[in-house]
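# Descriptive analysis of the structure
Spelled out, the chains give:
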Amino acid sequence: MDLPLTGALLLLAAIGLATQYSASDLDRDQAIAQGIRLLLGAVLMIIISRVPPSSLRNATPWLYVGSVALLIVVAVLGEGRGAHRWLDLRVIRFQPSELLKLTMPMMAAWAINQRTLPPNWSTLGIVAVLIVVPAGLIAEQPDLGTALLVVASGLFAVFLAGLAWWRIGLIVGSVAAATPVAWHFLHEYQRNRVRMLLDPESDPLGLGWHIIQSKIAVGSGGLWGKGWHNGTQSRLEFLPEHTTDFIFSVFAEEWGLVGVVLLLLLYVFIIGRSLWIAANAKDTYSRLLAGSISMAFFVYVLVNGGMITGILPVVGVPLPLISYGGTSAVSLLAGFGVLMSIHAQRRRVAA
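Note that the coordinates shown come from a computational prediction; the quantities given were computed from them, not determined experimentally.

Take the overall build of the protein chain next. Each helix and strand counted, the protein chain has 13 helices and two strands in total. The globule rule puts the C-alpha radius of gyration for 351 residues at 20 Å, and the 20 Å found for the protein chain is close to it. Along the longest, intermediate and shortest principal axes, the C-alpha atoms of the protein chain span 55 × 50 × 45 Å. Taking all 351 residues of the protein chain together, the buried fraction comes to 49%. A sequence separation of at least 24 residues applies to 73% of the contacts in the protein chain between residues at least 6 apart. Considering the protein chain, the positive charge centre built from 23 side chains and the negative charge centre built from 19 side chains are found 13 Å apart.

Right under this line is the structure:
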């Protein structure tokens, strides 16, 4: 186990539990449920850290196919509130799309590792198909936020493989040109989220309520915050989804600018340490996979922070290891288990 990274993750999980307990208005059952998820994720992280990267590489295609198969099952038998995203196996209820946050970068790294570097158009075409299939199934649930995160996690592997800048520019230009066309394929509620980003005050008691109340909570925290469990926006039920998507707003209100900066510095350390592990990996697959997981973690923090401050649309991306619910904490810690495995390989080679 990489001790600096493990210690930072434990500290982040402890902050998450304390924030969760406050945001839920001291709901002990909810805090315990989150603690169980974190404990399950920690156990999974330790188990995966003991698996050699070569074994992970050999298992990657099967893990990817299994994850996509579960998405197909969700399309038929899935359940949820307003969207079919969950599978209820009686013993456990989980969200299969969370698996793709790990198996997608694994598969992209595996596919690129089989071919010459830097990636050519043939490799890009293969990786594009591998990304589009699960992303399309997730978007159909509908869960556009998770679908975009899955796409990003796969694209990071391509970028880190040394993709030529002119190819990157051509791809970005093509995506930008296709944006007006993609607009017509969005659900109406997704279009409204973009509209509210531009002008939330146009519907302050309706569609713009989330963003407006979140910005009020963040701003009212001031420099030092109101103190633990003294935030008014969450306790008086002004702030929606205050234990899940908008828990960062609760944290900002209670701990102020100083607390937010310290939390972001902790995230920066975790991301930096993860990228250091990626840079020192001993083979292409491990390097691409570790780098992709690190950058995906960065995107989760960036998107959630942008969402609660009104810089980005509301897309339902949880704050890593802080927000409540789902299998996100388990899948994130499993990803860090992969990083620990890659780190252990480097130490074995060095020894």
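The discussion continues.
Now for the packing of aromatic side chains. Under the counting rule described, the total for this entry stands at five aromatic pairs. Taken together, a centroid distance of 6.1 Å and an interplanar angle of 35 degrees make the contact between Tyr21 and Trp228 tilted. In this pair, Tyr21 is assigned in helix α1 (residues 3-23) and Trp228 in the loop between α9 (209-220) and α10 (232-235), connecting sequence segments 207 residues apart. Owing to a relative accessible area of 35%, Trp228 belongs among the partly exposed residues under this scheme.

Turning to the environment of Asp29, a few remarks are in order. Topologically, Asp29 is positioned in helix α2 (residues 28-49). Along the backbone, Asp29 and Leu102 are 73 residues apart, and their C-alpha atoms lie at a distance of 29 Å.

Taken as a whole, the protein chain shows an average pLDDT of 87; of its residues, 94% reach a score of 70 or greater. In the model of the protein chain, strand β2 (residues 93-94) stands out as the element of lowest mean pLDDT, 72, in contrast to helix α11 (residues 247-279), which has the highest, 94.

Another aspect to go through is the pattern of salt bridges. For side chains bearing opposite charge, pairing can occur when the charged atoms are close. All told, the structure shown has five salt bridges when counted by the stated rule. Where Asp2 meets Arg273, a salt bridge forms, and the shortest distance between an N and an O atom there is 2.6 Å. Of the two residues, Asp2 sits in the segment before α1 while Arg273 sits in helix α11, which places them 271 residues apart along the sequence. Residue Asp2 is classed as buried on the basis of its relative accessible area, which comes to 2%. Each of Glu188, Arg191 and Arg195 takes part in one network of salt bridges that share partners.

Now for the packing of helix α3 (residues 53-77) against helix α5 (residues 121-139). For the pair α3 and α5, the least separation of the axes is 9 Å and the interaxial angle reads 30 degrees. By the angle between their directions, the pair α3 and α5 is classed as roughly parallel. Handedness of the α3/α5 crossing: left-handed. The segment α3 lies against α5, with Tyr64, Val68, Leu71 and Ile72 engaging Leu130, Val133, Pro134, Leu137 and Ile138. For the contact of α3 with α5, the per-class residue count stands at nine nonpolar, no polar and no charged.

Okay, the side chain of Ser97 next. Along the polypeptide, Ser97 turns up in helix α4 (residues 97-113). Setting aside chain neighbours within four positions, we find Ser97 in contact with Leu71, Ile138, Gln141, Asp143, Thr146 and Val150.

Okay, helix α12 (residues 284-308) next. In this model α12 runs 36 Å from its N-terminal to its C-terminal C-alpha over 25 residues, within 8% of the 36 Å that 1.5 Å per residue would give. For α12, a buried count of 20 out of 25 residues is recorded, marking the element as mostly surrounded by other parts of the structure. At the N-terminal end of α12, a side-chain oxygen is found 3.2 Å from the backbone nitrogen of Tyr285, two or three residues along, and the residue is Asp283. Gly310 sits one or two residues past α12 and shows a positive phi near 80 degrees.

Quick notes on the rules
- In every chain, residue numbers begin from 1 and rise along the written sequence.
- Whole-chain, interface and lining totals are the exception, using all residues; otherwise, since this is a predicted model, local features are given only for residues with pLDDT of at least 70 and side-chain atom pairs are given and counted only at 80 or more.
- As a rule here, side-chain values come from all non-hydrogen atoms in the structure, and water together with hydrogens is ignored.
- The helix count covers DSSP runs of H or I at least four residues long, the strand count covers runs of E at least two residues long, and both are numbered beginning at the N terminus.
- Between the two quantities, the radius of gyration covers C-alpha atoms and the globule rule is 2.2 Å times the number of residues to the power 0.38.
- For the exposure calls, accessible area comes from a 1.4 Å probe over protein chains only, and a residue counts as buried if that area is under 20% of its type's maximum, exposed if over 50%, partly exposed in between.
- Two residues qualify as a contact provided that any one of their heavy atoms is within 4.5 Å of a heavy atom in the partner residue.
- Within this scheme the basic residues Lys and Arg register as positive and the acidic residues Asp and Glu register as negative, but His and the chain ends are omitted.
- Just so you know, the charge point we use is NZ for Lys, CZ for Arg, CG for Asp and CD for Glu.
- Pairing of aromatic rings covers Phe, Tyr and Trp, the last through its six-membered ring, and needs centres within 6.5 Å; plane angles under 30 degrees mean stacked, over 60 mean edge-to-face, and all others mean tilted.
- pLDDT runs from 0 to 100 and stands for how confident the predictor is about each residue.
- When a carboxyl oxygen of Asp or Glu is within 4 Å of a side-chain nitrogen of Lys or Arg, the pair counts as a salt bridge.
- Note on definitions: angles span 0 to 180 degrees between N-to-C directions of axes, and those axes are lines fitted to C-alpha atoms, for helices only across the stretch in contact.
- Relative orientations are named as follows: roughly parallel for angles under 35 degrees, roughly antiparallel for angles over 145 degrees, roughly perpendicular for angles from 65 to 115 degrees, and oblique for any other angle.
- Whether a crossing is left-handed or right-handed is set by the direction in which the near helix is turned from the far one by less than a right angle, anticlockwise for left-handed and clockwise for right-handed.
- Just so you know the grouping, Ala, Val, Leu, Ile, Met, Phe, Trp, Tyr, Cys and Pro go in nonpolar, Asp, Glu, Lys and Arg go in charged, and all remaining residues, Gly too, go in polar.
- Take the number of residues in a helix, subtract one, and multiply by 1.5 Å to get its expected span.
- Any N or O atom pair separated by 3.5 Å or less is treated as a polar contact, with the protein-specific requirement of one donor-capable and one acceptor-capable atom, and with residues adjacent in sequence counted only for side-chain atom pairs.

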